[in-house]
Amino acid sequence: MTARSQANPVMWGEKPYHSLDFEMKKRFGEKVYKVALEGGMTCPNRDGTLGTRGCIFCSGNGSGDFASPRTISVAEQIDRGIAGISARKQVGNKFIAYFQSFTNTYAPTEILRSMYMDAIRHPRIVMLSIATRPDCLPDDVLSLLSECARIKPVIVELGLQTIHEETSALIRRGYSLDVYDTAVEILNALNLEVVTHVIAGLPHETLHDFLETIYHVGNSGCSGIKIQLLHILKNTDLACLYENGEFDALSMEQYIRAVIHALSILPEEMIIHRLTGDGPSDLLIAPRWSVRKREVLNELHRQMKLQNAWQGKERNRYIHERSNYCL
C-alpha cells in the first residue's frame, strides 16, 4: 500500500480518482465537453487490409453513435454538436473536437489535414482528440499530428482493449502488443497525449487478466485511460458467441469490483477519461443494466467511499505482489 493508505487523500475534487472533468477544469478553468465528429473513415479490419468483418464487438458504426453525419463540414458538425450539448446542459465556451468513429488516421494525409485543421481552428475548440489504432500511424500522419499540437493540444486515443494475445486473436484486433508499446513511445516523444482504451469482461478473461492489462497500460507512459464495459450488440460476431453460451456478460457488481481494483493499481497522475460507456440501447443485448449510466457511476462512487478506495492506493502492493495479489 502507499503511504496514504489509511485515509482518502481527496486529491481530485469530489471524486477518488483523477477524472477528465477535473483535469479539464484545472487546465481551462471550466467544464469542457467533447463534440463527437464523423470523419467518414473506415479501418483496416473492414476494408480488406486485415479483414472485412471488423472486431467481433463492432456493430459497424465504429462507436460513432453520437457523432454528426459526415455529409456536412467539420465546422458545421462542431456548431451542431455544440448546439445539441447546449440544449441539454449548461456549457461554457470551450470544447474538445473528438474524431470518434472507426480509425481517424486511416486516410490520405491531405484529407486528414483538412479535417484536423478545420476542427482545431474553430474558435470554441481548445483541444483535438483523435481515436485510432497504433498500427495506423505512419510518419506523415505523425508529422501532421505534431504540427496540430503546436496549435492546440492533441490527444491520440489508441484502442488496445487487452494485452493478452489469445484474446487479441479472438476479438480480431489485428496487431501485436509491441505495436502498441512502440506507438505510445513515439507519440510521447512528439509531446502528444496518449489515451488507451481497454475493455473489461472480454470473453474468457479473468479479473486477473484484466488487471494485468490495466497494469501494463499504467506502465506504458500514456497519460490517460478509458475503461469500457464489454457491450454485446446485435448483428456482431460477439453476439453469436454470447447467444451460444460461450461466455457470460459481467454483472454490475462484477464490473464495479473490476473498476475499483483497476483504479487502485493505476498511477495517481493518470487521467481517467471514462469508467463506463453508452451502448446504443436499440442494439444492446447485454448487459442491459449498463444503460443506467448514472446509477452505475453513483454505485461505483458509493462503493469506493465504503471501501476507502482511491486511485493508486494499491499500486505499490500490486507491483510487489502481482502473482499473489489478493482479489
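Here the structure is shown first, and the text comes after it.
Residues numbered from 1 in each chain as written. Predicted model: local features only at pLDDT ≥ 70, side-chain atom pairs only at ≥ 80, totals over all residues. Heavy atoms only, no water.

Asks: What am I meant to see in unusual backbone geometry here?
Replies: Negative phi is the rule for most residues except glycine; trans is the rule for most peptide bonds. Cis peptide bonds are those with omega within 30 degrees of zero, and the linkage from alanine 286 to proline 287 qualifies with -10 degrees. If you trace the backbone, proline 287 turns up in the loop between strand S9 (284-286) and helix H10 (293-306). Residues other than glycine seldom take positive phi values, yet phenylalanine 102 does so here, at roughly 60 degrees. Structurally, the position occupied by phenylalanine 102 is in the loop between strand S2 (95-99) and helix H3 (109-120). A relative accessible area of 21% places phenylalanine 102 in the partly exposed class. One non-glycine residue with positive phi stands out, namely arginine 172, at about 65 degrees. Here arginine 172 shows up in the loop between helix H5 (165-171) and helix H6 (177-189). (Helix = DSSP H or I, 4+ residues; strand = E, 2+ residues; numbered from the N terminus. Buried < 20%, exposed > 50% of the residue type's maximum accessible area, 1.4 Å probe, protein only.)

Asks: Before we go on, may I ask you to explain the nonpolar core in this structure?
Replies: Soluble, globular proteins show a tendency: their nonpolar side chains are buried together. Of all hydrophobic cores here, the largest spans 73 residues; its most connected members are Leu128, Phe210 and Ile227. Counting residues per element, this core draws most heavily on helix H9 (residues 252-265), at 9 residues. Contacts of isoleucine 227, omitting those with residues within four sequence positions, involve Val198, Phe210, Ile214, Tyr255, Val259, Ala262, Arg274, Leu275 and Thr276. With 13 residues, the next largest nonpolar core counts Cys55, Leu202, Leu238 and Phe247 among its residues. (Core = buried A, V, L, I, M, F, W, Y, C linked by side-chain atoms within 4.5 Å. Contact = heavy atoms within 4.5 Å.)

Asks: When you look at the side chain of threonine 236 in this model, what are you seeing that I'm missing?
Replies: With respect to the helices, strands and loops of the structure, threonine 236 is situated in the loop between strand S7 (232-233) and helix H8 (237-243). Assessed through its relative accessible area of 5%, threonine 236 is described here as buried. Among the polar contacts listed, one links the side chain of threonine 236 to the backbone nitrogen of alanine 239, at a separation of 3.1 Å. With residues up to four places along the chain from it excluded, the contact list for threonine 236 reads Ile56, Phe57, Cys58 and Ser59. (Polar contact = N/O pair within 3.5 Å; in protein donor to acceptor, adjacent residues only side chain to side chain.)

Asks: Is there a simple way to think about the sheet that holds S2 in this case?
Replies: Each strand in a sheet pairs with another by means of backbone hydrogen bonds, the pair being arranged parallel or else antiparallel. With parallel pairing, 7 strands are arranged side by side in an open sheet as S1-S2-S3-S4-S5-S6-S8. Of all strands in the sheet, those with a lone pairing partner are strand S1 (33-37) and strand S8 (271-274), marking the two edges. Taken pair by pair, the neighbouring strands of this sheet meet at an average axis angle of 25 degrees, ignoring direction. Alignment of strand S5 (residues 193-200) against strand S6 (residues 224-229), held across 6 bridges, turns out to be parallel. The partner of threonine 196 across the bridge, within S6, is isoleucine 225. Along the sheet face, helix H4 (residues 139-149) touches strand S3 (125-132) and strand S4 (154-161) and points at about 135 degrees away from the line of S4. (Pairing = 2+ DSSP bridges. Axes fitted to C-alpha atoms, helices over the stretch in contact; angles between N-to-C directions.)

Asks: How do you make sense of the side chain of glutamate 23 when you look at a structure like this?
Replies: Counting through the fold element by element, glutamate 23 comes out in helix H1 (residues 20-28). Not counting the four nearest positions on each side in its chain, glutamate 23 is found in contact with His18 and Ile271.

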